[in-house]
Amino acid sequence: MGGRILVTGACGQIGTELIQVLKGVVGEARIVSLDIRDVGGSSWLDTVFIRGDVRDRELLFRVVREFRVEVIYHLAALLSATGERRPEEAWTINMDSLWHVLMIAKEVDHVRQVFWPSSIAVFGPTTPKERVPQVTVMEPNTIYGITKLAGERLCEYFCRRWQVDVRGLRYPGLISYRSLPGGGTTDYAVEIFFAALREGRYTCYLSADRCLPMMYIDDAIRGTLELMDAPRSALRYTVYNFAAISFSPSELESAIRAHLPDFEVEYKPDYRDAIAAQWPCSIDDGAAREDWGWAHRYDLPALVKVMLEGVRQRIREEAVGLSSPS
Ligand SMILES: NC(=O)c1ccc[n+]([C@@H]2O[C@H](COP(=O)([O-])OP(=O)(O)OC[C@H]3O[C@@H](n4cnc5c(N)ncnc54)[C@H](O)[C@@H]3O)[C@@H](O)[C@H]2O)c1
């Protein structure tokens, strides 16, 4: 059997979706999932499951050697909203684990590639708000953004100094219905669909006009795999700006109301609105488009259509006990 692919944070929003797609590409037998969550057994989505903490360097080395891992998707992290409530944990989980993964990639010969997600949270109040360039001012003031900025520099360092093939994307807010988001500032853009279909109303924790960059999950997973498939020589950057659409809660509300005319939203901004206020509204991802051919497929109307269909189906399945929220 060929080398294995290790996915850390495998039970999260992105891990769940990535594994489903990877299974179709390489087969479940080649995927090893790792997460701190208890999934009630030794298998997750038909892949081998290791329950463990990404801060445990010995565990990571052992898993990589035992399964002859070739590629690591290092997704485990504490996200922006949770990070602000638990800053020390956000620092140790996000930074210690990345250090371990990069050291493994440097020292274990059969590891040939690492994917590590950055975020639009690397940007801060001094970054331009519109069409943020690939190279720009980055002075984040959330602990999450600080870990992502330090992480980017670390990836760049390992890449330049030891030729570790690590690649990353500054993900915008990702929108999905098969797996649910885990404590980010952009989670509202998923919750709103469930609330629209279940209750016909939603209380939004962001301001009505808080515009943010967003992307449908299928675009994000496809882009991630396209970046990993790109020839290294084509890549000018270690971590790329990555964008699709930008909208505010009120624009999303209107797009949903085109399908559900009675839908109502009330706005009660909380601490997450203050986090989002530091982030840009739109991103210039021209370098990704030029270097490895990135192109998104879902605009706002397409995203709303697929989300309403998917969430409706999921609610139906939950009602008859076929699906449980992840
Ligand atoms: N979802 C988004 O919109 C988004 C946007 C930008 C960047 N990202 C980045 O993508 C990555 C994955 O995000 P996600 O949305 O899937 O997050 P998530 O919160 O849904 O999943 C993270 C997973 O990591 C696991 N985890 C947390 N601490 C761990 C530990 N110490 N050891 C092992 N596992 C641990 C959690 O149990 C969870 O299953 C993160 O690095 C995140 O910063 C996500």
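In this report, the structure presented in the accompanying data block is examined.

Cut-offs and rules
Along each chain, numbering runs from 1 in the same order as the chain's sequence is written. Per-residue local features of the predicted model are confined to residues with pLDDT of at least 70, and side-chain atom pairs are confined, for both listing and counting, to 80 or more; whole-chain, interface and lining totals are unaffected and use all residues. With hydrogens and water set aside, each side-chain value is computed from the structure's full complement of heavy atoms. Note on ring pairs: Phe, Tyr and Trp rings are taken, using the six-membered ring of Trp, and paired if centres are within 6.5 Å. Classes follow the plane angle, with under 30 degrees stacked, over 60 edge-to-face and the rest tilted. Strands here are runs of E lasting at least two residues and helices are runs of H or I lasting at least four, both read from the DSSP assignment and numbered beginning at the N terminus. Note on classification: 1.4 Å probe, protein chains only; a residue is buried when its accessible area is under 20% of the maximum for its type, exposed when over 50%, partly exposed between these limits. Orientation is described by lines fitted to C-alpha atoms, with helices fitted over the stretch in contact, and by angles between N-to-C directions that extend from 0 to 180 degrees. Two helices that cross are described as forming a left-handed crossing if the nearer one is turned anticlockwise from the farther one by less than a right angle, and a right-handed crossing if clockwise. The contact criterion used throughout is that any non-hydrogen atoms of two residues lie within 4.5 Å. Take the buried Ala, Val, Leu, Ile, Met, Phe, Trp, Tyr and Cys residues and link them wherever side-chain atoms come within 4.5 Å; each set so joined is a nonpolar core. Boundaries of every domain are those given by an automatic assignment or by a domain database. Any residue with a heavy atom positioned within 4 Å of a molecule or strand is treated as near that molecule or strand. Distance and chemistry together define a polar contact, namely a pair of N or O atoms within 3.5 Å, with one atom able to donate a hydrogen and the other to accept it when in protein, and with adjacent residues in sequence counting only for side-chain atoms on both sides. We get accessible surface area from the Shrake-Rupley algorithm with a probe of 1.4 Å; when it comes to residues, only the shown protein chains can shield them. Only four residue types enter the charge count, namely Lys and Arg as positive and Asp and Glu as negative; His and the chain termini do not. Salt bridges are defined as contacts in which a side-chain nitrogen from Lys or Arg sits within 4 Å of a carboxyl oxygen from Asp or Glu. Think of it this way: DSSP has to see at least two bridges between two strands before they count as a pair.

Attention now goes to the packing of aromatic side chains. Throughout the structure, instances matching the rule amount to 14 aromatic pairs. Ring centres of Tyr73 and Phe115 lie 5.9 Å apart, and the angle between their planes is 40°; on these two criteria the pair is classed as tilted. On the criterion of sequence distance, the pair formed by Tyr73 in strand β5 (residues 69-74) and Phe115 in strand β6 (residues 113-119) is long-range, its members being 42 residues apart. Pair check on accessibility: Tyr73 and Phe115 agree, each one buried.

Packing of helix α6 (residues 188-198) against helix α8 (residues 249-257) brings their axes to within 11 Å, and their N-to-C directions diverge by 30°. Seen from above, α6 lies across α8 with right-handed handedness. Contacts between α6 and α8 involve Tyr188, Ala189, Ile192, Phe193 and Ala196 on the former and, on the latter, Pro249, Leu252 and Ile256.

All right, on to the environment of Glu70 then. Relative to the elements of secondary structure, Glu70 occurs in strand β5. For Glu70, a relative accessible area of 23% puts it in the partly exposed group. Once the C-alpha coordinates of Glu70 and Ser246 are considered, the two residues, 176 residues apart in sequence, prove to be 35 Å apart.

Moving on, we get to the nonpolar core. A general tendency of soluble globular proteins is for nonpolar side chains to be buried together. Within the largest apolar cluster, 78 residues are counted, with the highest numbers of intra-cluster contacts made by Val7, Tyr73, Tyr188, Phe193, Leu252 and Trp292. Residue contributions to this core peak at eight residues, all from α6. When residues of this core are sorted by domain, at least three fall in each of domain 1 (4-172 + 217-241) and domain 2 (175-213 + 244-319). When residues no more than four places from it in sequence are discounted, the contact partners of Val7 are Gly15, Leu18, Ile19, Leu22, Ile31, Val32, Ser33, Leu34, Tyr73 and Leu75. Grouped together as the second largest cluster of nonpolar side chains are 35 residues, Ile72, Ile93, Ala105 and Val108 included.

The immediate surroundings of the ligand are formed by 27 residues, with Gln13, Ile14, Asp35, Asp53 and Tyr144 found nearest. In this structure, Ile36 approaches the ligand through a main-chain N or O atom, which is 3.2 Å from a nitrogen atom. One of the backbone N or O atoms of Leu75 is found 3.3 Å from an oxygen atom in the ligand. Taken by itself the ligand offers 830 Å² of open surface, and the protein chains cover 94% of this. Counting only elements with at least two residues in the shell around the ligand, the list comes to α1 (13-26), β6, α5 (143-162) and β8 (173-175).

Mapped onto the fold, Asp35 is located in strand β2 (residues 31-35). This buried residue, Asp35, is left without a salt bridge; Arg37 holds the nearest opposite charge, at 4.2 Å. One polar contact links the side chain of Asp35 to the main-chain amide nitrogen of Arg37, over a distance of 2.9 Å. With sequence-adjacent residues up to four places away left out, Asp35 is seen in contact with Gly9, Ala10, Cys11, Gly12, Phe49, Ile50, Arg51 and Gly52.

Taken in spatial order, the eight strands of this open sheet run β3-β4-β2-β1-β5-β6-β7-β11, and their pairing is mixed. The open sheet terminates on both sides in strands that have one partner only, identified here as β3 (43-44) and β11 (239-241). Of the pairings in the sheet, the one linking strand β7 (residues 166-171) to β11 comprises three bridges and is parallel in character. Residue pairing in the sheet places Arg170 in a bridge with Asn241 of β11. Sheet contacts for α1: β1 (4-8), β2, β3, β4 (47-51), β5 and β7; angle to β1, the most-contacted strand, approximately 170°. Contacting β5, β6, β7 and β11, helix α7 (residues 217-229) runs over the sheet at an angle of about 155° to β7.

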